[in-house]
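Survey of secondary and tertiary structure
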Amino acid sequence: MSSRGFTIVLVLAAGWLFSMPPPSRSAEQRFDCPLWLPADAFKADRPPAGWTAVMPQDWRLDGGGLLHGSPDESGYLKPYDAKISKTGERETGVTRWKLDLPHPYETWLYCGYGPLQLFKRIPVDATDCTATFKTERGAFVETVFVCK
């Protein structure tokens, strides 16, 4: 992930950025995007010569989706279906991807934080993934992926 000569590297030392409960009997797995990405989650290992790079503030979740291929060689997947419902100032979006066609690529999910993204590989045997995005007054309050 490089932009204007800056390279940002994820540091995921403790595994606290994604929660993943054990698979249920239906082989369904849930992946929750963290609502906030702490400033100390990133370490720039190759800033331009003579520069130091830091992420000076926490970033709030602002999106997510699926990719075919590893994050550095991937293509964003077009959803099979997407619906949005609204109740007052709260919106709920449900997006579904069908993964049942054979392909040679790994499938990854991503959670977006401004120009930064976190990536998580989904199980190779998953044939369907659904993301539920909840927002209040335009700000994300929850993004959950369920893959089976």
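Here, the structure is the one placed above.
A few points on the structure. Being a predicted model, the structure only gives us computed values, none of them experimental. (Residues numbered from 1 in each chain as written. Predicted model: local features only at pLDDT ≥ 70, side-chain atom pairs only at ≥ 80, totals over all residues. Heavy atoms only, no water.)

**Points about the sheet that holds strand β13 (residues 116-121)**
Counted only if it meets this: Between any two strands, at least two bridges found by DSSP are needed for them to pair. Numbered from the N terminus, helices here are DSSP runs of H or I no shorter than four residues, and strands are runs of E no shorter than two.
Pairing is antiparallel in the open sheet, where 4 strands are placed in the order β9-β8-β12-β13. Edge strands, defined here as strands with exactly one partner in the open sheet, are β9 (75-76) and β13. Strand direction decides the pairing type here: strand β8 (residues 63-68) and β9, joined by 2 bridges, are antiparallel. Across the sheet, residue L67 finds its bridge partner in β9, namely Y76.

**Here we look at the pattern of salt bridges**
What counts, and what does not: Between Lys or Arg on one side and Asp or Glu on the other, a salt bridge is scored when a side-chain nitrogen of the former is within 4 Å of a carboxyl oxygen of the latter. The classification of residues rests on relative accessible area computed with a 1.4 Å probe and restricted to protein chains. Under 20% of the type maximum is buried, over 50% is exposed, and intermediate values are partly exposed.
For the coordinates displayed, the defined rule picks out 8 salt bridges. The partner of D128 in a salt bridge is R96, and the shortest N-O contact between them spans 2.5 Å. Within this pair, whereas D128 is found in strand β14 (residues 128-136), its partner R96 is found in strand β11 (residues 90-98), the two being separated by 32 residues in sequence. Across the pair R121 and E106 runs a salt bridge, and its minimum N-O distance is 3.5 Å. Placement of the pair is R121 in strand β13 and E106 in the loop between β11 and β12 (107-113), with a sequence separation of 15 residues. Accessibility expressed as a relative area gives 31% for E106, which makes it partly exposed.

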